[in-house]
Each structure stands twice: as C-alpha cells, then as structure tokens.
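# Understanding the architecture of this molecule
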Amino acid sequence: NAGVTQTPKFRILKIGQSMTLQCTQDMNHNYMYWYRQDPGMGLKLIYYSVGAGITDKGEVPNGYNVSRSTTEDFPLRLELAAPSQTSVYFCASSYVAPGRETQYFGPGTRLLVL
Amino acid sequence: AQTVTQSQPEMSVQEAETVTLSCTYDTSESDYYLFWYKQPPSRQMILVIRQEAYKQQNATENRFSVNFQKAAKSFSLKISDSQLGDAAMYFCAYRSPTDSWGKLQFGAGTQVVVTP
C-alpha cells in the first residue's frame, strides 16, 4: 500500500492564479480530510468528506473548494490564490469506527503564493 | 468546542535520556480519543500513540508512553531512551466520539531537540 499520496510536493503560485492539490489513498478509507499548517502552528481543518459525493466545511474553508467523485481521490481546489494561503497542506484519511479511527497523513504539499 | 493546549514550544533532551511533553485539553465529554503525532523534518505526520478515554491503562508503544490523567484533563507523552531520530515536532490531538466525521483538534505542537 502506498497509503496517502499528495502531488505536487511544492508549488509557487502568483496572486490570483488557481491550482488543484491532488490527494489519493489506497486504503479504502471512507473519510478524507484536508488540513493546512501555517508556520509554527498546528493543523487546521479546511474540508472533509465521508464518502463519494459528500463533503463539508471545516474550520477554515474560505478560498477553497473540494470534490469527491471516488473513494480514492479528494482534490483541493484553490481559486484566486492569495498570500494568506501560503502554507503546508496535508491530506489525511481514516475509517471512523471504534478502534479504527486513526488518521493517516500524506507527506504534504508546500504552497507559496507570491 | 474542545481546545488542546501544548504549553511547551520546545524541549531539549540528550540522547538516551527521557523527555516528557505536556498536553492539556478542555472538554465536557466523558469519552473521547487522544493522539500524539510526530512530524519530523520531512513534514510527514506519523501516529505515535493513541489513548481511549474509557481505558484507565496508559498506552505504551515501545519507548513512547503516555500519562493520562482524566480528571486533570492531561495527556503527557514520555519518550524514553531518546534517539536522534526522535527529533521532530510533536502534536497532541483530540477526537470526540460524538463527532461522526472523525475530525481532530490539534494543539500547537512541541519541538523536540535531541542532542548527542
């Protein structure tokens, strides 16, 4: 199993550009999450999904959109990038069942908006 | 909403010694899940240990153990026989059982520095 994979690893965007951060998991997890981590801070939840076609906002959703058309993939879309979106983005997945609630994280995507 | 507090921005430990990281949380729930995640320079988030609040026994994973004090709402992580590879940022996280979405609430993290 590859676990959770994310692409790209690093990207520089200009203000106003758009991009999609890719996330794929091969563990057949039904739950997937997107977090952002600002320098020196903990992780904050952007969006999450409980299965194909079902998504909801987390703590900091503004400026982002998601879709979930398959169990495996959960892309994060940035529209009109702003410097405040400079961060490291982590995708995670899990089951949500007693004893199986651990989240598995991808390696992260570092985004710099200039 | 629950809050998770890690009051130590950085802790330094010598190789082979022991270091304890503190974590406190605020909740009105009686059952919940607590986690410690490790984030090395590679930035990958790696699960270190998990604890279920209804279990009184402290969780242990090799050199990592927790001191779970439910009444005090404290969940400290002890790293024994510290190794250079333990150098990383460590995050404490809380998960409510009533949250059917499985969302985690993270603390701000503690940077562990291991010196030879």
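Please refer to the structure higher up on the page.
Residues numbered from 1 in each chain as written. Chains lettered and ligands numbered in written order. Predicted model: local features only at pLDDT ≥ 70, side-chain atom pairs only at ≥ 80, totals over all residues. Heavy atoms only, no water.

## As for the overall build of chain A
The condition is simple: Put simply, DSSP marks the helices as runs of H or I at least four residues long and the strands as runs of E at least two long, and each gets a number from the N terminus on. Values of the radius of gyration come from C-alpha atoms, whereas the globule rule sets the reference at 2.2 Å times the count of residues to the power 0.38. Each residue's exposure class comes from its accessible area (1.4 Å probe, protein chains only) as a fraction of the maximum for that residue type: buried when under 20%, exposed when over 50%, partly exposed otherwise. Every residue pair with non-hydrogen atoms within 4.5 Å of one another is taken to be in contact. A 1.4 Å probe and the Shrake-Rupley method give the accessible areas. Residues count as covered only by the protein chains that appear here.
In terms of regular secondary structure, chain A is built from zero helices and 11 strands. Reading chain A from its N terminus to its C terminus gives the helix and strand order β-β-β-β-β-β-β-β-β-β-β. Rg of the C-alpha trace for chain A: 13 Å, near the compact-globule value of 13 Å for 114 residues, within the 12% margin. By principal-axis analysis of the C-alpha atoms, chain A measures approximately 40 × 30 × 25 Å. When the 114 residues of chain A are sorted by exposure, 46% land in the buried category. Once local pairs closer than 6 in sequence are excluded, the contacts in chain A between residues at least 24 apart make up 56%. Only carbon and sulfur atoms are counted for the fraction: they give 52% of the accessible area of chain A, which is about 5,200 Å².

## What to know about the interface of chain A and chain B
Rules: Accessible area, probed at 1.4 Å, shrinks when two parts are joined; the buried area is that loss added up over both. Salt bridges, as used here, are contacts in which a Lys or Arg side-chain nitrogen is within 4 Å of a carboxyl oxygen on Asp or Glu. Gly falls in the polar group here, along with every residue not listed as nonpolar (Ala, Val, Leu, Ile, Met, Phe, Trp, Tyr, Cys, Pro) or charged (Asp, Glu, Lys, Arg).
Tallying the contact residues gives 23 residues for chain A and 21 residues for chain B. Of the roughly 1,900 Å² buried between chain A and chain B on both sides combined, carbon and sulfur atoms contribute 57%. Counting across the interface, chain A meets chain B through zero salt bridges. Among the elements of the structure, strand 4 (31-37), strand 5 (43-51) and strand 9 (87-94) of chain A are those that each provide at least two residues to the side of chain A that touches chain B. Partitioning the side of chain A that touches chain B into residue classes produces 14 nonpolar, seven polar and two charged.

## Some thoughts on a nonpolar patch on the surface
This is how the line gets drawn: In this scheme, patches are assembled from residues that exceed 30% relative accessible area and form no salt bridge. Like charges are connected within 9 Å, while nonpolar side chains (Val, Leu, Ile, Met, Phe, Trp, Tyr) are connected within 5 Å.
A cluster of nonpolar side chains, A:F10, A:I12 and A:L114, forms an exposed patch at the surface whose accessible area comes to about 300 Å². Mapped onto the fold, A:I12 is located in strand 2 (residues 10-13).

## What to know about the packing of aromatic side chains
To keep things clear, this is the line we draw: Only centres within 6.5 Å qualify two rings of Phe, Tyr or Trp (six-membered ring in Trp) as a pair; their planes then separate them into stacked at under 30 degrees, edge-to-face at over 60, and tilted for everything else.
What the rule picks out here adds up to 16 aromatic pairs over all chains. Ring geometry for B:Y25 against B:Y32: centres 5.3 Å apart, planes inclined by 65°, an arrangement best described as edge-to-face. Taking the centre distance of 6.0 Å and the plane angle of 40° together, the rings of B:Y25 and B:Y94 count as tilted. Separated by 69 residues along the polypeptide, B:Y25 in strand 4 (residues 24-26) and B:Y94 in strand 10 (residues 88-95) bring together distant segments of the chain. This pair shows no difference in class: B:Y25 is buried, exactly as B:Y94 is. Members of the aromatic cluster, connected to one another through ring pairs, are A:Y33, A:Y35, A:F90, A:F105, B:F35, B:Y37, B:F91 and B:F106.

In short, the description is geometric, and any link to function would need to be established separately.
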